[in-house]
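Residues per chain, in single letters:
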Amino acid sequence: MGSLKLPVLLLPHPLILLPTARLTLPISRSIADAILSLLDDSDAVLAAIPLPAPDSPSEVTYGTAARISRLVRPRNQSSPTQPYLLSLHGIERIHFPTPIQIHQLMDVLPVHNVVYPSSEGIPSRDTVEAFKHAALVLLDRLARDSPQPQRKDDWLRVAAIVEGISEQRAAWMADVLVAAVSPQYPDRFAFLAATDVEDRLRRATELFIKQSSIQEVSKKIASAVDESFSRQQKEYFLRQQLAAIQRELQSLQNSPASVGPGFGTGGSTSELDDDDQADADDLADLRRKIEALDVGSEERKVGIREWRRLKRIPQGSVENGVIRSYLEWLTSVPWPSNSTTTSLDVLKDHGFLTRARAQLDADHYGLDQIKRRLMEYLAVVRLRALADAAQTRAQGDTPSTDTSPGAVPTPPMKSKGVKGPILLFVGPPGTGKTSLGQSIAKALGRPFQRISLGGVRDEAEIRGHRRTYVASGPGSIVQALRKAGRNDPVILLDEVDKVGHSNFHGDPAAALLEVLDPEQNHSFNDHYINVPIDLSQVLFICTSNTLDTISAPLLDRCEVVELSGYTYDEKMHIAKRFLLPKQICANGLSDSQLTLTDDALLHVATMYTREAGVRSLERAIGAVVRFKAVEWAEWLDKGNGTVGGEGNGKQSRNGNDKQDGNANENAVGKEWQAAVEPHELEKILGIPRWDGEERDREEKRGVVYGLVVTGMGEGGILPVESTALPGTGRLKLTGSLGDVIKESGEIALSWVKTHAFELGITAGRGVDPLKVPDVIDVHLHLPAGAQKKDGPSAGIAMICAFVSLLSGACVPKDIAMTGEITLRGRVTPVGGIRMKVLGAHRAQIRKVILPWANRKDVEHDVALEVRREMQFFFVRTIDEALEAAFGRGALGWRKETVLLESRL
């Protein structure tokens, strides 16, 4: 056996290159470049290995050494990803000493060690004779069945060569014939692995016998069909073929297997085999489902009518399949007669609400407003069910007043149940909107189904296609009900703000109006089913990142619940309770092998992530856990412990020991450092994405700090800088500002000019402070010019900046403010108060100036621990805002003096 290294090329399924065969396949540009370099550096030989079948092990041990015969780029090649054609010529079988895993072949032509199995040896005479006989029988069958004379002559010439082949060349002829007849993929794969000459001939013999049987059966089926084929029997052509194939399969199943292991089907049957009995069972089951529907209901009437049509139409007709598909969908929808709801015993249990609340608390931290709303719904469901049960018992105990012989008993009144609310969760990405829907389903004990509406632009995706269209089907709502199997599931309509708007396909947002209207969805009409479906018991939960793109009628039907960003205290709890244990388990560690201190978690949350949700925080924690997993694996490889154990060395819980950042320097016997401290994070996660620049503030003339909300839903502070320079008395605004915020700057300067005398900036009324005593320009700048800024919330900050610049008074650096202003001097409310206050708290702001109308937002949305650490000034006018910003008496206010003239 010879051993060397060859580049390996993975052939796409189901291509297999056998020795002596030629193969042409399309390849990508990267593989073509690698092959061109291979042609320059070597003799252009590579290892071609087949891709294993999907249900087989994903490793390869055998392949074919192939010579590159041609590499071209056709002009008319239609595939942009594979523009080249490669031609290979199989030379000899090769064996890989170490099995190659498929995922190892992601690189372009990786090099592996290969071994050329020995091809020496002469097969026995009996094996060669059996091989010749099977080959001649197959070649004779192929020659007789070939419709082309040239092809027939070719098979006869090959048969003549086989008759005179020597025993030494029999194995070579086996490779040639197997490549020519192209058997099934598993047979070719097994034949490639036959390195022994004797075994190769036996496998080739079995393949030829099997192929001869296939040719004979195919010819018999074709003859049987041709005999009965006529112009009037075209409709039954495929059925005749199917019947002939089933008869042959039945005869094969009744007879013992005649080929070796790995070939043929044997005598076993499969549940995938379709026969008349299975078809009859399906129809009987379909009939039972129709009979189980409520008598007199619309769905039962439609089902009976379509069933009668199905029985009248021939089974081979296309319309038969259409009606049958419709009946399968109709009977699979959870109608009130065949749907199960929440058991009354579960609702009667006194611990029902307690368990539901515990389930919500176990899955999510915080979100008290949403949990309170869901507990209200569950309490109403429980009380309504108990009241309906008491009413049913009262009707059963009351004797009937009509005792006449022909009186019809009054059926008990059915409970309509509690209408499910339409909840709309609005919040930034990563705040737990989708996972909260799953938690609600667990708490209710109902099935959960998710429908993604992002990018949906066709109304039929919601309502379904009409049955007149080819390949029509029901909409996503009916499909979700069928999967749930009940008429009261929890259905999550994800990304409802990204649904397509009106176009020539219809308006999907308008189709949702009927679905999400509690007064209409009790009779939802799907175009395919065309029978009213009751959706009133379904709990619909919609998720959205913004309300701006949702139509007003659709928004009016939903109960909006806002999920704003998490505080750092909430992120710490979420990280310790959910994210860190999840990442430790996912990366093969245990709690005793890794701990993150509270300071380290807070450092990750503040310096490496800045978002409203926790997705980036989870990714950062995952990076830390993976880094420690590598260190743990290398520490075990040094002989310090065993996999899955605690190690032989002691584990250090303090992370104050110096580490130089190289994970490979763990020496034998060194204690395992299980704790991760903040000073180690820069080595693991790199330089922090955000530093503490928000806390490095200065108290300077013309500079104040405003509160903003970033595009990621996170609050923060932004300095508002102003300066005076020689000019013509104009205002210059920079910092990528929008139209609204520019107008706020102009309003602020106009107010300051109007009240310049009262503020002590000018010596007289009507004097422009930008022109007396010197003519100056005022330049207002908001830093981070690459970020777009707009919105009506910077008016107070701009006025304070102008007053500070022109009067010389400074605003303390621990004060931040937000609020819009009017020319009359009023301070109007703004949005995003919770995010802004949390951003100010993160930047260690101690005093915050807010509009008086936003007082309720602070009391309702801001956590109590945050309010205790900060001082809030709620102002109604600009005068109150200036007094709160500069301090009482800091500005030289000139009060208006009323002069009285005596006429005595």
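What counts and how
- Residues numbered from 1 in each chain as written.
- Predicted model: local features only at pLDDT ≥ 70, side-chain atom pairs only at ≥ 80, totals over all residues.
- Heavy atoms only, no water.
- Helix = DSSP H or I, 4+ residues; strand = E, 2+ residues; numbered from the N terminus.
- Buried < 20%, exposed > 50% of the residue type's maximum accessible area, 1.4 Å probe, protein only.
- Contact = heavy atoms within 4.5 Å.
- Areas by Shrake-Rupley, 256 points an atom, 1.4 Å probe, with all protein chains shown as cover.
- Pairing = 2+ DSSP bridges.
- Axes fitted to C-alpha atoms, helices over the stretch in contact; angles between N-to-C directions.
- Phe/Tyr/Trp six-rings, centres within 6.5 Å; stacked < 30°, edge-to-face > 60°.
- Lys NZ or Arg CZ within 6 Å of the ring centre and 35° of its normal.
- Salt bridge = Lys/Arg side-chain N within 4 Å of Asp/Glu carboxyl O.
- pLDDT = per-residue confidence, 0-100.
- Core = buried A, V, L, I, M, F, W, Y, C linked by side-chain atoms within 4.5 Å.
- Right-handed = clockwise from strand over helix to strand, strands pointing away.
- Parallel < 35°, antiparallel > 145°, perpendicular 65-115°, else oblique.
- Left-handed = near helix turned anticlockwise from the far one by under 90°.
- Nonpolar A, V, L, I, M, F, W, Y, C, P; charged D, E, K, R; others polar.

Things to note about the overall build of the chain
Here's step 1: Along the chain, the regular secondary structure elements total 28 helices and 26 strands.
Here's step 2: Split into buried and exposed, the 904 residues of the chain put 44% on the buried side.
Here's step 3: Residue pairs in contact within the chain that sit at least 24 positions apart in sequence constitute 74% of those at least 6 positions apart.
Here's step 4: Within the structure as shown, the chain displays about 48200 Å² of accessible surface, and the carbon and sulfur contribution to it stands at 51%.

Comments concerning the sheet that holds strand S13 (residues 559–562)
Here's step 1: If you walk across this open sheet you meet the 5 strands as S8-S9-S12-S7-S13, and the pairing is parallel. Two strands lie at the open edges of the sheet, namely strand S8 (448–452) and S13, each paired on one side alone. Ignoring which end each strand starts from, the neighbouring axes of this sheet average 20 degrees apart.
Here's step 2: Along the sheet, helix H16 (residues 476–484) makes contact with S8, strand S9 (490–494) and strand S12 (539–544), crossing S8 at roughly 155 degrees.

Brief notes about the pairing of strand S20 (residues 731–734)
Here's step 1: Sheet topology places S20 next to strand S21 (residues 776–781); 4 bridges connect them, and they run parallel. Within the sheet, the bridge partner assigned to Lys 732 lies in S21 and is His 779.

Topic: the packing of aromatic side chains
Think of a pair of aromatic rings as described by two things: how far the centres are apart, and how the planes are tilted against each other in angle.
Here's step 1: Taken as a whole, this structure holds 7 aromatic pairs when the rule is applied.
Here's step 2: Relative to Trp 672, the ring of Trp 635 lies with its centre 6.0 Å away and its plane at 50 degrees, an arrangement referred to as tilted. Residue Trp 635 is located in helix H21 (residues 615–640), and its partner Trp 672 is located in strand S16 (residues 672–673); the two are separated by 37 residues in the primary sequence.
Here's step 3: The ring of Tyr 326 is capped by Arg 467, whose NZ or CZ atom sits 3.9 Å from the centre of that ring.
Here's step 4: A cation sits over an aromatic face here: Lys 628 above Trp 672, 4.8 Å from the ring centre.

Here we look at the pattern of salt bridges
Any two side chains of opposite charge can pair, on the condition that their charged atoms come close.
Here's step 1: Considering all chains together, one arrives at 34 salt bridges under this definition.
Here's step 2: The residue Asp 285 makes a salt bridge to Lys 289 at a minimum N-O spacing of 3.6 Å. Of this pair, Asp 285 and Lys 289 both sit in helix H8 (residues 276–291), 4 residues apart, which is roughly one turn of that helix.
Here's step 3: By relative accessible area, which is 30% here, Asp 285 ends up partly exposed.
Here's step 4: Across the salt bridge formed by Glu 459 and Arg 463, the nearest N and O atoms sit 3.1 Å from each other.
Here's step 5: The exposure class assigned to Glu 459 is partly exposed, which follows from its relative accessible area of 25%.
Here's step 6: In this structure Arg 463 comes out as buried when scored by relative accessible area, which is 15%.
Here's step 7: Here the salt bridges share partners, and the residues they tie into one network are Glu 306, Arg 309, Glu 319 and Arg 467.

Quick word on the confidence of the model for the chain
Here's step 1: Scored by pLDDT, the chain comes out at a mean of 80, with 84% of its residues at no less than 70.
Here's step 2: Looking over the chain, one finds the lowest element-wise mean pLDDT in strand S15 (residues 651–652), namely 50, and the highest in strand S25 (residues 847–851), namely 95.
Here's step 3: Taken together, the stretch residues 403–414 has pLDDT below 50 and engages in 5 contacts with residues farther than four places along the chain or on a different chain.
Here's step 4: The low-confidence segment residues 645–650, where pLDDT is below 50, has 20 contacts with residues more than four positions distant or belonging to other chains.

Notes on the nonpolar core
Here's step 1: With 58 residues, the main nonpolar core has Phe 425, Ile 440, Leu 617 and Ile 621 as its most contacted residues.
Here's step 2: A per-element tally of this core places H21 first, with 10 residues.
Here's step 3: The residues touching Leu 617, leaving out its near neighbours within four places in the chain, are Lys 571, Ala 575, Leu 579, Val 604, Ala 605, Thr 609 and Glu 611.
Here's step 4: Tyr 326, Trp 329, Ala 480 and Val 531 belong to the second largest nonpolar core, which has 47 residues in total.

Considering the pairing of S21
Here's step 1: Inspection of the sheet shows strand S19 (residues 715–726) paired to S21 by 6 bridges, in the antiparallel sense. Counterpart to Pro 726 in the pairing with S21 is Ile 776.
Here's step 2: With respect to chirality, the unit in which S20 leads through helix H23 (residues 739–754) into the neighbouring parallel S21 is left-handed.

Description of the packing of H23 against helix H24 (residues 795–807)
Here's step 1: Put simply, H23 and H24 touch, their axes get as near as 9 Å, and they point 45 degrees apart. In terms of orientation, H23 lies oblique with respect to H24. Relative to H24, H23 is oriented so that their crossing is right-handed. Residues Ile 741, Ser 744, Gly 745, Ala 748, Leu 749, Trp 751 and Val 752 of H23 form the contact with H24, whose participating residues are Gly 795, Met 798, Ile 799, Phe 802, Val 803 and Leu 806.
Here's step 2: When its residues are assigned to classes, the contact of H23 with H24 shows 10 nonpolar, 3 polar and no charged.

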